[in-house]
Amino acid sequence: MQPLSLPPRLLMGPGPINCYPRVLSAMSTQLVGQYDPTMTSYMNEVMELYRRVFNTKNQQTFLIDGTSRAGIEAALVSCLEPGDKVLIPIFGRFGHLLAEIAERADAEVHTIEVPWGEVFDPQQIEDAIKKVQPKLLAIVQGDTSTTMFQPLEELGEICRAHDVLFYTDATASIGGNPLEVDAWKIDAVSVGLQKCLGGPSGSAPITLSDRFVSCVRKRAHVEAGIRDAHHQGSSGMRIRSNYFDLPMIMDYWGDERLNHHTEAATMLFGSRECAIQLLNEGQDAVIQRHQLAGDAMLQGVLAMGLKPFGNLKHKMTNVVGVHIPDNVDGEKIRHDLLTIFNIEIGTSFGPLKGKVWRIGTMGYNARQDAVLHTLQSLETVLRRAGFALPAGAAVDAAMSVYAGEK
């Protein structure tokens, strides 16, 4: 068998993306035991780093070992008991995912929807909360299926006023868009590394407010074999998933270090570097870099005569949706970009499948050379496919953005 040999792809889709080099380097570090003082010290350091990433003082801030979906599932199955009401506003594919996970937890799921390409007004959500009276509001902040960014600033106050817990999945948005967990009164947030944080999929940072912790602690359970006399039984129904049992995971990350699983050390090392990369550059600077790259990509797309998808007032900084022209074979364009220029862009799902491309500018790839190379290559492939467009206009438009002329 030959060693791994992957093509040098430039990943300019909705994620995953190319990792920061420091992240890849950290992930090649040799292991130590999971209870080695060096290891537990790094676990504690990661908790503190991600408090800063999330802009929170939450003690319970740590990693779920698994992809971003693992973080979502841990939050929902640990909070929701059978019959609990949950309200899920859906504006894209990943709202449907939240609903499915909640349904599998046997919650009573209530949804409201807006057309793909739009987001919710806070009043719509408050009206639904008054009607449903849920235990939990669960919503996606940035949905890459539509490229839309749901404002969250007012929702925490609304939830507190109606005694509702507030959870959001911010996988696609964190790092490239504002997220203020404490200031916005969000009770639980889970994310992944593979978008603006510039790492690989496989670790799901999560943060939990004291309100959320009090809720899930009622269902706390300690496994036979590690249970001691001082451990209390749960007052609520035992969480149906062992692996995604948040109280058990909190006990593993806490002072008692109760064994739950073997921490994915390589992912912890990578997660640590993702946080350091963000914090060293500065959160505001990273958001501005994503905004600049996203604006440049958008202006380049417009200059080619392509039509962006959705309400641009609510577009994420880090991904743009593009209507595939009627006379263009969208999958052939993606194939040629990949096989000729080594550039990957995405298509979409559901009602947008085959109708929209999604072009990302995230993490390590939110930089000028990646934007310009993608636009120039897309222009070439489109032109050779017979699509009429002004030669060089896309790159010129993007360079004007970077020069501060637009």
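First, a word on scope: everything that follows refers to the structure included in this document. None of the values given here were measured: they were computed from a predicted structure.

What counts and what doesn't
- Residues numbered from 1 in each chain as written.
- Predicted model: local features only at pLDDT ≥ 70, side-chain atom pairs only at ≥ 80, totals over all residues.
- Heavy atoms only, no water.
- Helix = DSSP H or I, 4+ residues; strand = E, 2+ residues; numbered from the N terminus.
- Core = buried A, V, L, I, M, F, W, Y, C linked by side-chain atoms within 4.5 Å.
- Buried < 20%, exposed > 50% of the residue type's maximum accessible area, 1.4 Å probe, protein only.
- Contact = heavy atoms within 4.5 Å.
- Expected span 1.5 Å × (residues − 1).
- Pairing = 2+ DSSP bridges.

Moving on, we come to unusual backbone geometry. Glycine 15 connects to proline 16 through a cis peptide bond whose omega is 5 degrees. Along the chain, proline 16 turns up in the loop between strand S1 (10–11) and helix H1 (21–26). Positive phi, close to 55 degrees, is recorded for asparagine 55, a residue that is not glycine. Tracing the chain through its elements places asparagine 55 in the loop between helix H2 (37–54) and strand S2 (60–65).

Let us now look at the nonpolar core. Tyr50, Phe62, Ile64, Leu136 and Phe212 are the most contacted members of the largest nonpolar core, which totals 92 residues. Looking at this core, the element that brings in the most residues is helix H9 (residues 265–281), giving nine residues. When near neighbours in sequence (up to four residues on either side) are disregarded, phenylalanine 62 contacts Met47, Ala204, Pro205, Ile206, Leu208, Leu246, Ile249, Met250 and Trp253. Met12, Val320, Ile343 and Ala394 belong to the second-largest nonpolar core, a separate cluster that totals 33 residues.

Between its first and last C-alpha, helix H4 (residues 93–104) extends 17 Å over twelve residues, near the 16 Å set by a 1.5 Å rise per residue. Among the residues of H4, those classed as buried are Phe94, Gly95, Leu97, Leu98, Ala99, Ile101 and Ala102. Lining the buried residues of H4 we find helix H3 (68–79), strand S3 (85–90), strand S4 (108–113), strand S5 (136–140), strand S6 (142–143) and strand S8 (165–169). Trailing H4 by a residue or two, aspartate 106 shows a phi angle of about 65 degrees, which is positive.

Successive residues of a regular strand alternate their side chains across the two faces of the sheet. With five of five residues buried, strand S13 (residues 356–360) lies mostly within the body of the structure. Of the two faces of S13, the one holding Val356, Arg358 and Gly360 and the one holding Trp357 and Ile359 are both buried throughout. Strand direction decides the pairing type here: strand S11 (residues 319–323) and S13, joined by five bridges, are antiparallel. Residue pairing across strands places histidine 323 opposite valine 356, the latter belonging to S13.

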